[in-house]
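A look at the structure
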Amino acid sequence: MANTAHALHILVKHKEIAEDIIKQLGKGAKFQTLAKKYSSCPSGKKGGDLGEFRRGQMVPQFDKIAFNGAILEPHLVKTKFGWHVIKVLYRT
């Protein structure tokens, strides 16, 4: 079982915007470019890069995707902060 993960994310307020971002990714848009354009999280300036984090450091809904979701695929998750588009790069 992995104890750490490295992920990118884009945080927005509305589900429709998050769904549109996933569509853009499906058409070949770069995750980092979309993060800089749309994300309300400070990590957006770094292309949405959250770096490596430990299991339990993120809110439960985020943690579930980070440690159980498919790697390198965009996932849509709602948390108390808003809607996240999450892309897990790897787990260790």
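Relevant structure appears above.
Residues numbered from 1 in each chain as written. Predicted model: local features only at pLDDT ≥ 70, side-chain atom pairs only at ≥ 80, totals over all residues. Heavy atoms only, no water.

Things to note about the environment of Gln57
Relative to the elements of secondary structure, Gln57 occurs in the loop between β2 (49-54) and α3 (60-68). You can call Gln57 exposed: its relative accessible area is 53%. Separated by 40 residues in sequence, Gln57 and Ile17 have C-alpha atoms that sit 26 Å apart. Separated by 2.5 Å, the side chain of Gln57 and the backbone nitrogen of Arg54 make a polar contact. (Helix = DSSP H or I, 4+ residues; strand = E, 2+ residues; numbered from the N terminus. Buried < 20%, exposed > 50% of the residue type's maximum accessible area, 1.4 Å probe, protein only. Polar contact = N/O pair within 3.5 Å; in protein donor to acceptor, adjacent residues only side chain to side chain.)

A look at the nonpolar core
Here is a general trend for soluble globular proteins: nonpolar side chains tend to be buried in one another's company. Within the largest apolar cluster, 12 residues are counted, these being Ala2, Ala5, Ala7, Phe53, Val59, Phe62, Ile65, Ala66, Phe67, Val77, Ile86 and Val88. Of all the secondary-structure elements, those providing two or more residues to this core are β1 (4-12), α3 and β4 (82-91). The greatest single-element share of this core, amounting to 4 residues, is contributed by α3. Sequence-distant contacts of Ala66, that is, excluding residues within four places in its chain, are made with Ala5, Phe53, Val88 and Arg91. Of all hydrophobic cores here, the second largest spans 11 residues; its members include Ile10, Ala18, Ile21 and Leu25. (Core = buried A, V, L, I, M, F, W, Y, C linked by side-chain atoms within 4.5 Å. Contact = heavy atoms within 4.5 Å.)

Considering the packing of aromatic side chains
Following the criterion strictly, the structure yields 2 aromatic pairs and no others. Plain terms: the ring middles of Phe53 and Phe67 are 6.1 Å apart, the flat faces sit at 90° to each other, and that makes the pair edge-to-face. On the criterion of sequence distance, the pair formed by Phe53 in strand β2 and Phe67 in helix α3 is long-range, its members being 14 residues apart. For Phe53, a relative accessible area of 3% puts it in the buried group. (Phe/Tyr/Trp six-rings, centres within 6.5 Å; stacked < 30°, edge-to-face > 60°.)

Everything listed is a geometric property; what it means functionally is a separate question.
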